[in-house]
Structure formats: C-alpha cells, structure tokens
Amino acid sequence: MTFIQLKYIIAIDTFRHFALAAEKCFVSQPTLSMQLQKAEDEMGVRIFDRSKQPLVPTEIGAELIEQARKIIAEVALLDEIVSLRKGVISGELKIGIIPTLAPYLLPLFIQSFTQKYPHVKLIINELTTDAIVADLRHGKIDMGLLVTPLQESGIKEFPLFYEELMAFVSKENAHQEKTYLLPRDIDPNKLWLLEEGHCFRSQIENLCELKKASLEKNYIKYESGSIETLRRMVDTNNGITILPELAIADMTESQLSQVRHFQKPAPMREVSIVVHRDYIKKKLIDVIRKEIILSVPDKIKENKNQYVVPVLT
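Cut-off values and rules
- Residues numbered from 1 in each chain as written.
- Predicted model: local features only at pLDDT ≥ 70, side-chain atom pairs only at ≥ 80, totals over all residues.
- Heavy atoms only, no water.
- 1 Å grid on protein atoms, 1.4 Å probe; cavity = no way out; pocket = protein on both sides within 12 Å on 5 of 7 lines; lining within 4 Å.
- Points joined across faces, edges and corners; volume = space filled by probe spheres on them.
- Helix = DSSP H or I, 4+ residues; strand = E, 2+ residues; numbered from the N terminus.
- Buried < 20%, exposed > 50% of the residue type's maximum accessible area, 1.4 Å probe, protein only.
- Pairing = 2+ DSSP bridges.
- Expected span 1.5 Å × (residues − 1).
- Contact = heavy atoms within 4.5 Å.
- Axes fitted to C-alpha atoms, helices over the stretch in contact; angles between N-to-C directions.
- Parallel < 35°, antiparallel > 145°, perpendicular 65-115°, else oblique.
- Nonpolar A, V, L, I, M, F, W, Y, C, P; charged D, E, K, R; others polar.
- Phe/Tyr/Trp six-rings, centres within 6.5 Å; stacked < 30°, edge-to-face > 60°.
- Lys NZ or Arg CZ within 6 Å of the ring centre and 35° of its normal.

Draft legend 1. Just empty space enclosed by the protein, in detail. In total, this model carries 2 cavities of 30 Å³ or more according to the counting rule given. Here the largest cavity defines a volume of roughly 50 Å³. For the largest cavity, the full set of lining residues is Leu-191, Trp-192, Leu-193, Leu-194, Phe-200, Arg-201, Ile-204, Leu-230, Thr-241 and Ile-242. A per-element tally of the lining of the largest cavity places helix H7 (residues 199-208) first, with 3 residues.

Draft legend 2. Expanded view of the pairing of strand S10 (residues 240-244). By the criterion of burial, S10 is predominantly enclosed, with 5 of the 5 residues buried. Burial along S10 is two-sided: Ile-240, Ile-242 and Pro-244 and Thr-241 and Leu-243, pointing in opposite directions, are all buried. In the sheet, strand S6 (residues 155-169) pairs with S10 via 5 bridges, with the strands oriented antiparallel. Counted as the bridge partner of Leu-165 is Pro-244 from S10.

Draft legend 3. View of helix H4 (residues 59-85). Look at H4: 40 Å from first C-alpha to last across 27 residues, which is about the 39 Å you get at 1.5 Å a residue. Taken residue by residue, H4 has Gly-61, Ile-65, Ala-68, Arg-69, Ile-72, Leu-77, Glu-80 and Ser-83 as its buried positions. Turning to H4, the residues buried within the fold contact helix H1 (3-15), strand S1 (48-49), strand S2 (56-57), helix H6 (129-137) and helix H11 (282-295).

Draft legend 4. Examining the pairing of S6 more closely. Summarising burial for S6: 11 of the 15 residues are buried, a large majority. Where S6 meets strand S12 (residues 268-276), 9 bridges bridge the pair, whose relative direction is antiparallel. Following the sheet pairing, Glu-163 is matched in S12 by Arg-269. Direction of pairing for S6 relative to strand S11 (residues 259-262): antiparallel, over a ladder of 2 bridges.

Draft legend 5. The packing of H1 against helix H3 (residues 29-43), seen in detail. Remark: H1 packs on H3, axes separated minimally by 9 Å, with the N-to-C direction vectors making an angle of 110°. Classed by the angle they form, the pair H1 and H3 counts as roughly perpendicular. Residues Gln-5, Tyr-8, Ile-9 and Ile-12 of H1 touch H3, and the partners they reach there are Leu-32, Gln-35, Leu-36, Lys-38 and Ala-39. Grouping the amino acids of the contact of H1 with H3 by side-chain chemistry returns 6 nonpolar, 2 polar and 1 charged.

Draft legend 6. The layout of surface pockets, seen in detail. Estimated volume of the largest pocket: approximately 1,600 Å³. Looking at the largest pocket, it is lined by 48 residues, and the ones nearest its centre are Ile-10, Arg-69, His-138, Gly-139 and Lys-140. Secondary-structure elements contributing two or more residues to the lining of the largest pocket are H1, H4, strand S3 (91-97), strand S4 (120-126), H6 and H11. Taken together, the residues of the lining of the largest pocket break down into 20 nonpolar, 10 polar and 18 charged.

Draft legend 7. Looking closely at the packing of aromatic side chains. For the structure on display, the rule yields 2 aromatic pairs. A ring pair is formed by Phe-113 and Tyr-117, whose centres lie 5.0 Å apart and whose planes are at 45°; its orientation type is tilted. In this structure Phe-113 comes out as buried when scored by relative accessible area, which is 0%. Since its relative accessible area comes to 19%, Tyr-117 is described here as buried. Where Phe-158 meets Tyr-279, the ring centres are 6.1 Å apart and the plane angle is 65°; that geometry is what we call edge-to-face. Here Tyr-279 lies in the loop between S12 and H11 and Phe-158 lies in strand S6, a separation of 121 residues in the sequence. With a relative accessible area of 28%, Phe-158 lands in the partly exposed category. By relative accessible area, which is 17% here, Tyr-279 ends up buried. Geometry around Tyr-279 places Lys-282 over its ring, the cationic atom sitting 4.5 Å from the centre.

Below is the structure:
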C-alpha cells in the first residue's frame, strides 16, 4: 500500500463521497476509485460499504482508516521536525472555534501570533462544539477552541483560562438597582437566550435552572445566534441576558453600568484548546496556546476554577 492510497482513503472517509474526495485530492474520480480498489484487493477486505449513501466505513475499514490517519500524520511530522531543527516554526494549523468565543478571543492574539510566526498558516472556521469534536475525530482540523469540560472519549482538553459569567440588564430592569445577583433572581420570562445548539446556552440553562423552571410554567424565549444581538435586544427591549467576561471588554461606561456580577463564587466558563488524543502538531499548538494566554486580560488570567458551570445539560 502507498502513501497516496492512504491519503485517498482518508479523503473518502472525510467527505463520504467519491466525487468530492477526488476533487479535494485533485485527481479524477476513476483514479481515486482505482487506487481504493487496489488497496482493498491487496489487503483482502472492504474498507467502505458502497451500498450506503453517504459512504460509511466497514467495521474493519474504520480501524484501518484510524491507523492510516496516524501514519499520514507521522509523515507530516517529519517536515515539522526539520523546521524546528532549522529554528523555523512553520506549517499549517486548522482551527475550529465556537461562535460565542471567536469575536472576542481571535482579535486578541491573531495579529501578534502572525507577526511572531510568519511561516505558520492559520485556517480558522467558526463551528459548533459538536462540529469541532466531529472534525477532530475525522482529521479535518488540528485543534479546537471551545468551552469545556466535554467528557468526550478520545478528546484531550488543555484549559487556557476561566471567564466569569455576568448579567447584562436593561436600564428599566428591576435588577438594575442590585449590586450582586443570585442565579435564582433571574426571571426566565425576562431572559434572552442563544438558540439551541450553542454550548453557552446549555451553560445558562444550568446556571439559572431553566430546565426546571420550564416544567413549572410556560414562558416565552427570544432566541438568537449571536451574543451581540442579545445584548442589543436587552438595550432596546428591556430584559436581561448573560455575557462571558471577554464580551464586556470593549463596552462603553454606560454599558458597563448595566453589567451585574453574581455573588461569589462567581460562575465561570472554562475555555480550552481541545485536540484528538493522537494529535501530532504539538509544537504549533503549544506556541499558539502560549500566545493566547499572553493575550488575555490580566484579570481573566487570575480567575479560578472554583465554580465552572457545566456545559452538558
């Protein structure tokens, strides 16, 4: 079996479609299909079940694909070793980041990172937590930036910092007169939430016990895909929402007057780098980890993990 055949097999597994895999590998579909057939004939097993659409690996195929990913990753590591020996940090790093973190964290470190490491190419996509985990498992990305703990088998987590969760209240809201809040103070009828599928929404449901509240009475929720949209809706339509600490960094003095802390211990969200357990690009991920930690505000660096709100509901 050749390295080319391994790459084609991995591409087919990644895209689960012959034509798309061939396009991504810059070859014709017949060429890709022929190389897969040769590999299967050589090993005497079927790697993919062609009777299903989209394609799925056979049971033994899944094991072979996992090993193929390890082999190709180890080969790619050769270039990284040579670069490090030459004193040059280079390569390509594919990153998935959740939408509730991207607009606040990326501007803090991207410019300084690219200046320090001009030979590193960053490819960054906003993805949900589930999509990041799936892409890590399929080798589509090298690392994720998201909120943990996830408790996902085969996924390693490296905490970066702890971000305080705070309430943002309208100027007409009764909580405007309070200095500190308790989670139970929040009226679900007044709470503006992110739409389903966001891990930050799950944390707010856990913090405010909304699942329990929803069983006791019906209430109307306005749901948005953006934290910034929620903040603006609170400003113009009354109510309350929950914000992560980085989201208040560029607020005006007037907006900061609408921020309320929860009573201690303050609820936190744990922000981490996540990788597949067999990850290879250790040096690249380590330098970006250090740059992120350097870039976050000192107050956030001092936060402790005394009360990390669970992500899972």
